[in-house]
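Here is what each chain is made of, one letter per residue.
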Amino acid sequence: MGVCSSEVSEPQSTPIKNTVVLLGSAGSGKSTLSKQLLISFGAGFSEGDYASFGRIIRTRVLEYMQTLIEESKTLHERAKKSGGGSAASAEEKSMMSEAKFELGEKGVEMAETVLKADAYVENANPLSGINSVGELIAELWKNTGIQAVYSQRKHFKKRLNENAKFFLDKVKDIAHQDYRPTVEDILRCRQRTVGHIECAIEYQGMDCSVYDLGGQWDERRSWIPFINRCSSILFVVDTSSYDESLQEDRKKNKMSDALLLFEQIASMKAVERKPIVLFLNKMDLFTEKIKEVPINRCEEFAEYEGDLHDEEENLEYITGAFFSRAPAPKNARRILMHHCLCALDTEAVSKIFESVLSSIVQTSLERGGLLRT
């Protein structure tokens, strides 16, 4: 639905103000969507933003390699202890071969230097310096032992971001003194949202404040005032997370947490008349994952009996699982919408937001008595 096809009672001399909140579990992609909104409907990124993200990306690259080095030691010790006993399957024996995770003498020497590097030197490039840490990371990234460790990333104690490979592949460029991140670099840059981040956008005469709220457990207590005051809710889900555990509690499934969180929000009295848009994000990862891992790995989807590899059928089931947790309230019309997307695809996301924002404008006008339906 679009505003241009409806009749407005009178023209407005001042913009209509709306408040939208981006909600969802940590790592669902809320911040990436917030950046996309800024690109398509806001002021874009300033030179200060480019500099800031450049520093963050350099820090992340160092952290990614440090994680891989630490996990190489863990995997090597596990392999050494297991010894690939007779009870182990051929796959397990292959996976846990201790030789597989060895870095070699030169690799160990480089790894120790990288581990000692400080990622948080104020106003400094952590990948440069006397030891040229960026060069060492580039060499280690080509190391067969590190590549073997990377292949076991789903077993890591400390989660490795899905964009680690993207940045490690271009570490030499990132380490360069004149490095300026591309828009794609910024979109892929993972930074935990602490508290909230406000993004100001404008669409068809409507000024809109979009609040990206931190998704970690300890951040969710601060959501309620924003939910009470908002006009619409955008709930973001990492669709590929159905077989993954939460960082806060490795015994809990990420998708189960998202479903429970969605239900809690949809059940709030303050949300009864507010549009809720469900974004099933990270479709690129989901498409690849369902080829190997069925969605019924998630306890909430255990009763799924459809084609395990049919993407459309799987998505229909997942969408139904969320919407079933948002029953229509009494004496109120519940507005639910959903979109499947990859938050990194600027063109596709822009088109989806065109549709979403158009619906938000129409709903705002209707409820303000400015639109005759």
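Residues numbered from 1 in each chain as written. Predicted model: local features only at pLDDT ≥ 70, side-chain atom pairs only at ≥ 80, totals over all residues. Heavy atoms only, no water.

1. Observations concerning the overall build of the protein
Point 1. Scanning the protein from terminus to terminus reveals 14 helices and eight strands.
Point 2. Of all 373 residues assigned to the protein, the portion counted as buried reaches 49%.
Point 3. A separation of at least 24 residues holds for 75% of the contacts in the protein among residues at least 6 apart in sequence.
Point 4. Surface accessibility of the protein: about 18,900 Å² in total, with carbon and sulfur atoms responsible for 49%. (Helix = DSSP H or I, 4+ residues; strand = E, 2+ residues; numbered from the N terminus. Buried < 20%, exposed > 50% of the residue type's maximum accessible area, 1.4 Å probe, protein only. Contact = heavy atoms within 4.5 Å. Areas by Shrake-Rupley, 256 points an atom, 1.4 Å probe, with all protein chains shown as cover.)

2. Notes on the environment of Leu 259
Point 1. Topologically, Leu 259 is positioned in helix H11 (residues 254-266).
Point 2. Separated by 234 residues in the primary sequence, Leu 259 and Ser 25 place their C-alpha atoms 9.7 Å from one another.
Point 3. Residue contacts for Leu 259: discarding those within four places in its chain leaves Glu 300, Phe 301, Ala 321, Phe 322 and Arg 325.

3. Things to note about the nonpolar core
Point 1. Judged by nonpolar contacts, the single largest core of 40 residues is most densely connected at Val 61, Met 65, Leu 68, Val 114, Leu 127, Ile 137 and Leu 168.
Point 2. Broken down by secondary-structure element, the contributors of at least two residues to this core are helix H2 (47-82), helix H4 (104-116), helix H5 (133-142), helix H6 (144-150), helix H7 (164-168) and helix H8 (171-175).
Point 3. Ranked by residues supplied to this core, first place goes to H2 with eleven residues.
Point 4. In this structure Leu 68 touches Trp 141, Ile 146, Val 149, Tyr 150, Phe 156, Leu 160 and Leu 168, once residues within four positions along its chain are discounted.
Point 5. By size, the runner-up hydrophobic cluster in this structure holds 36 residues, among which are Val 293, Leu 315, Ala 321 and Phe 322. (Core = buried A, V, L, I, M, F, W, Y, C linked by side-chain atoms within 4.5 Å.)

4. Considerations on the packing of H11 against helix H13 (residues 311-323)
The relative placement of two packed helices comes down to the angle between their axes together with the axis-to-axis distance.
Point 1. Packing of H11 against H13 leaves a shortest axis separation of 9 Å and a crossing angle of 40 degrees. On the basis of their axis angle, the class for H11 and H13 is oblique. Contacts between H11 and H13 involve Met 255, Ala 258, Leu 259 and Phe 262 on the former and, on the latter, Ala 321, Phe 322 and Phe 323.
Point 2. Of the residues in the contact of H11 with H13, the class split is seven nonpolar, no polar and no charged. (Axes fitted to C-alpha atoms, helices over the stretch in contact; angles between N-to-C directions. Parallel < 35°, antiparallel > 145°, perpendicular 65-115°, else oblique. Nonpolar A, V, L, I, M, F, W, Y, C, P; charged D, E, K, R; others polar.)

5. A word on helix H1 (residues 30-41)
Point 1. In this model, H1 (twelve residues) spans 16 Å end to end at C-alpha, consistent with the 16 Å of a helix rising 1.5 Å per residue.
Point 2. Considered for burial, the residues of H1 that qualify are Lys 30, Thr 32, Leu 33, Ser 34, Lys 35, Gln 36, Leu 37 and Phe 41. (Expected span 1.5 Å × (residues − 1).)

6. So, empty space enclosed by the protein
Point 1. Under the counting rule described, the total for this entry stands at one cavity of 30 Å³ or more.
Point 2. Of the volumes computed, that of the largest cavity is approximately 50 Å³.
Point 3. Every residue lining the largest cavity is listed: Ser 25, Ala 26, Ser 28, Val 236, Val 237, Asp 238, Ser 241, Lys 254 and Ala 258.
Point 4. Sort the elements by how many residues they give to the lining of the largest cavity and strand S5 (residues 232-238) lands first, with three residues.
Point 5. Taken together, the residues of the lining of the largest cavity sort by class into four nonpolar, three polar and two charged. (1 Å grid on protein atoms, 1.4 Å probe; cavity = no way out; pocket = protein on both sides within 12 Å on 5 of 7 lines; lining within 4 Å. Points joined across faces, edges and corners; volume = space filled by probe spheres on them.)

7. Focus: a negative patch on the surface
Point 1. Among the surface-exposed residues, Asp 307, Glu 312, Glu 313 and Glu 316 lie close enough to one another that they form a single negatively charged patch.
Point 2. As for its placement among the helices and strands, Glu 312 is situated in helix H13.
Point 3. Overall, Glu 312 belongs to the exposed group, its relative accessible area being 64%. (Patch = residues over 30% accessible without salt bridge, like charges linked within 9 Å, V, L, I, M, F, W, Y side chains within 5 Å. Salt bridge = Lys/Arg side-chain N within 4 Å of Asp/Glu carboxyl O. Lys, Arg positive; Asp, Glu negative; His and termini not counted. Charge placed at Lys NZ, Arg CZ, Asp CG, Glu CD.)

8. Side note on the layout of surface pockets
Point 1. Computed from the structure, the second largest pocket encloses a volume of approximately 260 Å³.
Point 2. Put simply, the parts of the chain that give the lining of the second largest pocket at least two residues each are H1, H2 and strand S3 (196-203).
Point 3. If one sorts the elements of the lining of the second largest pocket by residue count, H1 sits on top with four residues.

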